[in-house]
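# Structural overview
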Amino acid sequence: MKAVFLSYNQALTDRVNAILDEQGIRGFTKWALTEGRGSVDGEPHYGTHAWPSMNASILAIVDDEKVAPLMDAFREMDAATRMQGARAFVWNIESGF
């Protein structure tokens, strides 16, 4: 099992939900409002007057074989919406119930 963390401009929520549905990923935890700024470029997402946009973040625990297709779909979405900002990270899960 792997943990997949997705962080993205909240304007992309419908697209991200569609990706999760298409990939058969039902369970996840979502933080609807998260702040952040990109490590390379892009505008900050702070929810302030100067930087009004916000991010959303999702943590999903998925079977190993679902990771690559999910990451590919998320990467494709990011490439099509580059200025919105999106990042994805994966790490191992040792146990759970």
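Notes on the structure follow.

About the criteria used
- The numbers attached to residues start from 1 for each chain and follow its sequence in the written order.
- Where totals are concerned, whole chains, interfaces and linings use all residues; where local detail is concerned, this predicted model gives features only for residues with pLDDT of at least 70, and gives and counts side-chain atom pairs only at 80 or more.
- No hydrogens and no water enter the side-chain calculation; it runs on all heavy atoms of the structure.
- Secondary structure is summarised from DSSP: a helix means a run of H or I of at least four residues, a strand means a run of E of at least two, and numbering begins at the N terminus for each.
- This radius of gyration counts C-alpha atoms alone. The globule rule is 2.2 Å times how many residues there are, raised to the power 0.38.
- To sort residues, take the accessible area from a 1.4 Å probe on protein chains only and compare it with the maximum for the residue type: under 20% means buried, over 50% means exposed, and anything in between is partly exposed.
- Contacts are assigned to residue pairs that have any heavy atoms within 4.5 Å of one another.
- Only the protein chains shown count as cover for residues, and the accessible areas themselves come from Shrake-Rupley with a 1.4 Å probe.
- The charged-residue count follows a simple rule in which Lys and Arg add positive charge and Asp and Glu add negative charge, with His and chain termini not counted at all.
- Note on charges: their place is set at NZ of Lys, CZ of Arg, CG of Asp or CD of Glu.
- Identification of polar contacts relies on pairs of N or O atoms within 3.5 Å, with a donor-acceptor requirement for protein atoms, meaning one able to donate a hydrogen and the other able to accept it, and with residues adjacent in sequence counted only if both atoms are side-chain atoms.
- Here, the term nonpolar core denotes a set of buried Ala, Val, Leu, Ile, Met, Phe, Trp, Tyr and Cys residues that are joined through side-chain atoms within 4.5 Å.

Another aspect to go through is the overall build of the protein chain. Secondary structure summary: the protein chain contains 2 helices and 4 strands in total. Order of helices (α) and strands (β) in the protein chain, N terminus to C terminus: β-α-β-β-α-β. Here the C-alpha atoms of the protein chain give a radius of gyration of 14 Å, agreeing with the 13 Å that 2.2 N^0.38 yields for 97 residues. Taken along the three principal axes of its C-alpha coordinates, the protein chain extends 40 × 25 × 25 Å. The proportion of buried residues among the 97 residues of the protein chain is 33%. Put simply, 71% of the contacts in the protein chain that link residues at least 6 apart link residues at least 24 apart. If you sum the accessible surface of the protein chain, you get close to 6400 Å²; carbon and sulfur atoms cover 53% of it. Counting 9 positive and 13 negative side-chain charges, the protein chain places the centres of these two groups 2 Å from one another.

Attention now goes to the side chain of Ser57. Structurally, Ser57 is set in strand 3 (residues 55–62). Relative accessible area serves as the criterion here: at 3%, Ser57 is assigned to the buried category. A polar contact is formed between the side chain of Ser57 and the side chain of Ser7, at a distance of 3.3 Å. When neighbours within four sequence positions are excluded, Ser57 is seen to be in contact with Phe5, Leu6, Ser7, Tyr8, Thr29, Lys30, Trp31 and Thr34.

Turning next to the nonpolar core. Judged by nonpolar contacts, the single largest core of 19 residues is most densely connected at Val4, Leu6, Tyr8, Val16, Leu20, Phe74 and Met77. Put simply, the parts of the chain that give this core at least two residues each are strand 1 (2–9), helix 1 (13–22), strand 3 and helix 2 (64–80). For this core, the element with the highest residue contribution is helix 2, accounting for 6 residues. Ignoring any residue separated from it by four or fewer positions in sequence, one finds Val16 in contact with Leu6, Tyr8, Ile58, Phe74 and Met77.

Read these as layout, nothing more, since geometry by itself doesn't imply function.
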